[in-house]
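This is what each chain is made of:
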Amino acid sequence: MATPYSQARRFGRLAVPVLTASALALALAACGGGSQQTADTGGGTAEKVTLSVALFGDFGFKPLYEEYRKTHPDVEIVERVTQFNDHHNNLVKRLATNAGAADVEAVEVGYISSFTSQPDKFHDLKQYGLDKRQGDYLDWKWQQGLSKNGSRLLGLGTDVGGLAMCYRKDLFEKAGLPTDREKVAELWPTWEQYIDTGKKFAANVKDAKFVDSPGEIFRAIVNQAPVGLYDAQDQIVVATNPEVKKAWDLSNQLSLNGLSAKLAAFSPPWNTGFAKGSFATIICPAWMTGYIQEQAKDAAGKWDIAKVPGGSGNSGGSHLLLPKQGKHPEEAAELIDFLTSKDNQARVFKEEGTFPSIPALYDDPSIQSFTKPFFGDAPIGKIYSDAARTLKPQHLGPKEGDVRVAVGDGLGRVEQGKQTPDEAWAQVVADVEKIK
Amino acid sequence: MATLPAAVPGRRRRLVRHALDLKLSPYAYVAPFFLLFCAFGVFPLIFTAWVSLHEWTLTSDTHTFIGVENFGTLLGDGYFWNATFNTFSIGVLSTAPQLVLAIWLAHLLNRPLRAQTFFRITLLVPNVTSVVAVVVIFSQLFGRDYGLINWMLSWFGIEGVAWAEGTATSHVAISVMIMWRWTGYNALIFLAAMQAVPRELYEAATIDGASNLTQLKKITIPMIRPTIIFVVTVSTIGAMQILAEPLLFGAGSGAGGITSGGPDRQFQTLALYVYDLGFTKFDFGYASAASWVMFLFVVVAAGVNYLLTRRLGGAFK
Amino acid sequence: MRRRLTHLTLLAVAFFSVFPLYYSVVVASRHNSALAEVPPPLLPGGNFLANVQRVFDTVPFALALLNSFLVAGSIAIAVMFFSTLAGFAFAKLSFRGRNILLLITVATMMVPAQLGIIPLYMLMAKIEWTGSMYALVVPALVNAFGVFFMTQYLSRALPTELLEAGRVDGATTWGLFWHVVLPAARPAAAVLGMLTFMSAWNDYFWPLVVLTPENPTVQVALSTLASGYVNDYVLGLSGTAVGTLPLILVFVLLGKQIIGGIMQGAVKG
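From a predicted model like this one, the values you see are computed outputs, not experimental measurements. (Residues numbered from 1 in each chain as written. Chains lettered and ligands numbered in written order. Predicted model: local features only at pLDDT ≥ 70, side-chain atom pairs only at ≥ 80, totals over all residues.)

Novice: A description of the overall build of chain C should follow, citing residues and the corresponding values.
Specialist: Of the regular secondary structure elements, chain C holds twelve helices and zero strands. Buried positions account for 56% of the 269 residues belonging to chain C. A separation of at least 24 residues holds for 74% of the contacts in chain C among residues at least 6 apart in sequence. (Helix = DSSP H or I, 4+ residues; strand = E, 2+ residues; numbered from the N terminus. Buried ≥ 20, exposed ≤ 12 C-beta atoms within 10 Å, placed from the backbone. Contact = placed C-beta atoms within 7 Å.)

Novice: Which residues make up the overall build of chain A, and what values do they have?
Specialist: Across its full length, chain A holds 19 helices and ten strands. The buried share of chain A, reckoned over its 436 residues, is 53%. Intrachain contacts of chain A at a sequence separation of at least 6 include 76% that bridge at least 24 residues.

Novice: An account of the interface of chain C and chain B is requested, with residue identities and associated values reported.
Specialist: Chain C puts 75 residues into the contact, and the matching count from chain B is 77 residues. Elements that contribute at least two residues to the side of chain C that touches chain B include exactly helix H1 (2-28), helix H3 (61-92), helix H4 (98-108), helix H5 (113-126), helix H9 (173-202), helix H10 (205-210), helix H11 (218-227) and helix H12 (233-265) of chain C. By residue number, the principal contributor to the side of chain C that touches chain B is H12(C), which donates 15 residues. Along the lines of polarity and charge, the residues of the side of chain C that touches chain B split into 52 nonpolar, 20 polar and three charged. (Nonpolar A, V, L, I, M, F, W, Y, C, P; charged D, E, K, R; others polar.)

Novice: Give a description of the pairing of strand S9 (residues 314-321) of chain A that names residues and reports values.
Specialist: Residue and element names in this part refer to chain A. Counting buried positions along S9 gives eight out of eight residues, so the element sits mostly inside the fold. Where strand S3 (residues 104-108) lies against S9, four bridges are found, and the strand directions are antiparallel. Looking across to S9, one finds that Val107 is bridged to His319. Here strand S4 (residues 155-162) pairs with S9 via five bridges, running antiparallel. Paired with Leu156 across the bridge in S9 is Leu320. (Pairing = 2+ DSSP bridges.)

Novice: Kindly report on the packing of helix H4 (residues 116-128) of chain B against helix H7 (residues 167-195) of chain B, identifying the contributing residues and their values.
Specialist: Residues and elements named next belong to chain B. Orientation of H4 relative to H7, taken along the N-to-C sense of each, is 140 degrees, at an axis distance of 6 Å. As the angle between them shows, H4 and H7 are arranged oblique. As for the relative orientation of H4 and H7, their crossing is left-handed in sense. Residues Arg120, Leu123, Leu124, Pro126 and Asn127 of H4 touch H7, and the partners they reach there are Trp180, Arg181, Trp182, Gly184, Tyr185, Ala187 and Leu188. (Axes fitted to C-alpha atoms, helices over the stretch in contact; angles between N-to-C directions. Parallel < 35°, antiparallel > 145°, perpendicular 65-115°, else oblique. Left-handed = near helix turned anticlockwise from the far one by under 90°.)

Novice: How would you summarise the sheet that holds S3(A) if you had to cite specific residues and measurements?
Specialist: All names here are of chain A. Read across the sheet, six strands follow the order S2-S1-S3-S9-S4-S10 without closing on themselves; strand pairing throughout is mixed. Both outer strands of the open sheet, strand S2 (75-81) and strand S10 (355-356), are each paired with one neighbouring strand and no more. Of the pairings in the sheet, the one linking S4 to S10 comprises two bridges and is antiparallel in character. Pairing of Asp159 across the sheet is with Pro356, part of S10. Packing of helix H5 (residues 109-116) onto the sheet brings it into contact with S3, S4 and S9, and relative to S3 it is tilted by some 120 degrees. Relative to S4, helix H17 (residues 380-389) is tilted by about 110 degrees, and along the sheet it contacts S4 and S10.

Novice: Please give an account of the confidence of the model for chain C that cites residues and values.
Specialist: Any region with low pLDDT has predicted coordinates that should not be read closely. Residues and elements named next belong to chain C. Averaged over chain C, the pLDDT score is 83; the fraction of residues at 70 or greater is 88%. Considering each helix and strand of chain C separately, the mean pLDDT is smallest for H12, with a value of 75, and largest for H3, with 93. For this predicted complex, the interface confidence reaches an ipTM of 0.82, while the overall pTM sits at 0.86. (pLDDT = per-residue confidence, 0-100.)

Novice: How would you sum up the sheet that holds strand S5 (residues 165-168) of chain A? Please name residues and give values.
Specialist: All names here are of chain A. Reading across the sheet, the four strands line up as S6-S7-S5-S8 and stay open at both edges, with mixed pairing between neighbours. This sheet does not close on itself; its edge strands, each paired only once, are strand S6 (209-211) and strand S8 (303-306). The mean angle between the axes of side-by-side strands here comes to 20 degrees, regardless of whether they run parallel or antiparallel. Here S5 pairs with strand S7 (residues 279-283) via three bridges, running antiparallel. Considered in S7, the bridge of Cys166 is made with Ile282.

Novice: With reference to specific residues and values, describe the packing of helix H10 (residues 214-224) of chain A against helix H11 (residues 242-256) of chain A.
Specialist: All names here are of chain A. Where H10 contacts H11, the two axes come as close as 9 Å, and the packing angle between them is 150 degrees. For the element pair H10 / H11, the angle class is roughly antiparallel. Considering the relative orientation of H10 and H11, their crossing is right-handed. Of the residues in H11, those touching H10 at Pro214, Ile217, Phe218, Ile221 and Val222 are Glu243, Val244, Ala247, Trp248, Leu250, Ser251, Asn252, Leu254 and Ser255. Partitioned by chemical class, the residues of the contact of H10 with H11 number ten nonpolar, three polar and one charged.

Novice: How would you summarise unusual backbone geometry if you had to cite specific residues and measurements?
Specialist: Located in the positive-phi region is A:Phe266, a residue other than glycine, with phi close to 70 degrees. Note on placement: A:Phe266 falls in the loop between H11 and helix H12 (268-276). With a phi angle near 55 degrees, B:Phe282 is a residue other than glycine that sits in the positive phi range. By secondary structure assignment, the location of B:Phe282 is in the loop between helix H12 (270-280) and helix H13 (284-316).

Novice: Which residues make up the confidence of the model for chain A, and what are the values?
Specialist: Residue and element names in this part refer to chain A. Of all residues in chain A, 89% have pLDDT values of 70 or greater, and the mean over the chain is 86. Helix H9 (residues 191-204) holds the highest mean pLDDT among the elements of chain A, 96, whereas helix H1 (residues 4-12) holds the lowest, 40. Within the model, pLDDT remains below 50 along residues 1-45, and this stretch shows 53 contacts once partners closer than five positions in the same chain are excluded.

Novice: An account of the nonpolar core is requested, with residue identities and associated values reported.
Specialist: Counting residues in hydrophobic clusters, the biggest one holds 293 residues, and the most contacted among them are A:Ala164, B:Val135 and B:Phe190. Those residues in contact with B:Val135 that sit more than four places away from it in its chain are B:Met177, B:Ala244, B:Glu245, B:Leu248, B:Phe249 and B:Gly252. (Core = buried A, V, L, I, M, F, W, Y, C linked by C-beta atoms within 7 Å.)

Novice: Talk me through the environment of A:Leu361; I want residue IDs and the actual numbers.
Specialist: Within the secondary structure layout, A:Leu361 lies in the loop between S10 and helix H16 (365-368). In this structure, the C-alpha to C-alpha distance between A:Leu361 and A:Ala346, residues 15 residues apart in sequence, is 7.3 Å.

Novice: Which residues make up the environment of A:Arg219, and what values go with them?
Specialist: Residue and element names in this part refer to chain A. Within the element layout of this structure, Arg219 appears in helix H10. For the pair Arg219 and Ile236, spaced 17 residues apart in sequence, the C-alpha to C-alpha distance is 15 Å. Residues contacting Arg219, with those up to four places away along its chain left out, are Ser315 and Arg404.

Novice: Tell me what's going on with helix H7 (residues 144-157) of chain C, and back it up with residues and numbers.
Specialist: Residue and element names in this part refer to chain C. Look at H7: 20 Å from first C-alpha to last across 14 residues, which is about the 20 Å you get at 1.5 Å a residue. Here H7 lies mainly inside the structure; eleven of its 14 residues are buried. Burial in H7 covers these residues: Ala144, Phe145, Gly146, Val147, Phe148, Phe149, Met150, Thr151, Gln152, Tyr153 and Leu154. (Expected span 1.5 Å × (residues − 1).)

Novice: Hey, could you go over the environment of A:Asp124 for me, with residue numbers and the actual values?
Specialist: Residues and elements named next belong to chain A. Looking at the element boundaries, Asp124 is found in the loop between H5 and helix H6 (139-144). Residue classification places Asp124 among the partly exposed residues on the basis of 19 C-beta atoms within 10 Å. Here the alpha-carbon distance between Asp124 and Leu154, two residues 30 residues apart in the chain, equals 5.4 Å. If we ignore the near neighbours within four places in the chain, the residues touching Asp124 are Arg152 and Leu153.

Spelled out as structure tokens, the structure:
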């Protein structure tokens, strides 16, 4: 007689394959977790090495990897790109937990000193003979890659962000302003005159704004000063440095006069703004030209480049560092040497726009005479060489990035009409005090 | 059968084993849950409390005991209270209409209809969509200059709403994302409960001439009260922990201030504030204190809502 | 008339439920400049495959799909099994402390997930699980919701007589679980498994904190796409489509069973 139980038993058999499958899946998941390590070491004809390169934007390295593979068939290169702030925060986290850092990590100049102050987390590049490169570099760029006491070489520079101002010729024409780059430069020897030009622009053009947003302008003005957010003793001087306050006031003038398109840099609407021509000028460290070209593909020939108001300064630029957790420091060091070599910096500049940190190139005829059709054949080689040569380097502190975010939020509050500049400033000062 | 009647000496042993089986096996069956929960639920809870009593950052190896100082700082921290306000505001804006809508949808579906399965499946589609996708899409829809929603609003003469900039508008935008994701899911849970309500009740009510709405109020809602209480409690807990939406909205909307929820922290929720403290400032001690207070808020909010819905449900009886 | 109104309302709701996803496919099938068009484009363009190709070129998306599949699959199966086990004990076995333990289980649902993130992260760093799928799977093997869900279902749907008959036949508790409870629990367990699979697949925050972009899940890969190369929306949405469509497909194919299961097994308080 079939009891309910015995009947149920028959169904129960089904449970066995289900559970076996589950055990299998668990085991597979475990493999999935470990597969990365096996991929690194296992298989292949020769011992194949995979190097990961962590960046925070397009560095224009892709063609260089291709070339590197030709001479190093055993090396596979994987690039990972993360958003700017996330990239640097992740690196802090991964260094602290000793897991997850890439073999080669890019660090922007705003964050470099927070990493050079923990030299035990990185390899000394001198071990791999890279101190031979010292002669190539701008001295200040070289210094930024050294540990605090100067004894160890932690990072090699990629690019420098000499300043210029990019502008839309068609919009300038519409506003009745000159469009020739020399004439445009004459409009704004100072930032005050830049703002006045903006007012004239706004009086005549209604469907576009003068500037994308004040955030990057602030950074540029501060960077033109001899002392910026930090003094030489690594003390934050935001509240006391008159240059910072001056930059703050000037940047807010843009918001208060309705000259800003209110598009935070590197956000999706900002990208769209490029495509639509929502703003007429944007501060243009050399690396910015690459972004413009990428985002405003349809606007070839409409953009041009003029001298920046207020004299020369540096905004941005990066170093490549070698975290100690990497398994292939030797190969990675060689890759760093390759990616930052003189020839490759020149090549990346021509293709991508990031400007070399190797002064010998500034007099190189191929750089000097380099123009780009996208920017109306502007002599960008000459413009950025001049900008880089006259640069006065500024001391940058360990929490430069955090301070910048605090000030940027303050500018945003004024821009969005949430606070008066004074209220916003008081809050910025209080926020900055909390940064440890 | 599996077991044959055994010989007499074996019998005692079997009885003992049987008694043990009855007594102990239930504990063995619930043990995996409690063991894993202790390891990954209770331990972090206690450890967070421990960390919150220290000055503890990711980058430093020294952890100084400072007692309740972090909690003291927290009580005077304007950003913390701002985040608390935002959390409750977004919580109410997203949860209340969502539940009303879900009950109403379930009510609509709780009758013979063509294409039942089709409607039910479409209701669950938003819930299958990942939160990254939801926010990327909605940030685009809520775009200031070229968003679809502003485009449609412009037909009515409303131009260029900067959704991410305003406190109220950003809360609305984020609440819409949350509602979109969860309304259908909750509607199905309500529908399941509604289908257990005896048909005769409705038939009798129809004979008595009760309107559709009256039937919903007088029969359906009281009958599915336990489910409502459950859904309200779970939704409250979920709403208190909103993180991905404001985080991704900050990145996608171009308003600036990504981890701070806008430059004026206009849409920074508690969870996002904790994330900001813990994973961008790496101030684990302070972040732990904040998350413990947040935990207390969750318990209070869930408790209050539990009591409220019990009351409300009672009122319909 | 009424019925037509109901249908229209439901059709509108269906439209709003599906539209954002549809719109993401529209954008994903075009070029970035389409985002700036007024009025916005409403029909798919022809670039979808090219954009999907870019997704696979930019991030290790195949690996991400595999990882997500294994992680979500393991979690779903484990949750189904352990929840049924505990649900059986809570619903049908009597033991001292049962009610209080069940109450504790329900109460644990209140602990915010983020509360544990920081210590959990430190723990994973200590045992060197950061970057590994273990860090996702192991803490998620059980959850209170599942236990509660299965307890609810089994207490209603599993006839006590069946268990008693089994006892009379001399079955042990384990035997009962294996041969009676598991088969009886299948409809609800399938729903629980599906819901768990979906939420594990879509889990965003913890994977983002603990994994690296080289060995990502789908969500981590998506966030890399959405935030990496200058916020390339089209790229992000193409990834979204590829990462969501498998789920939608499964869902549409099995929709009837899943919905039926939810109807049967859903919480009835």
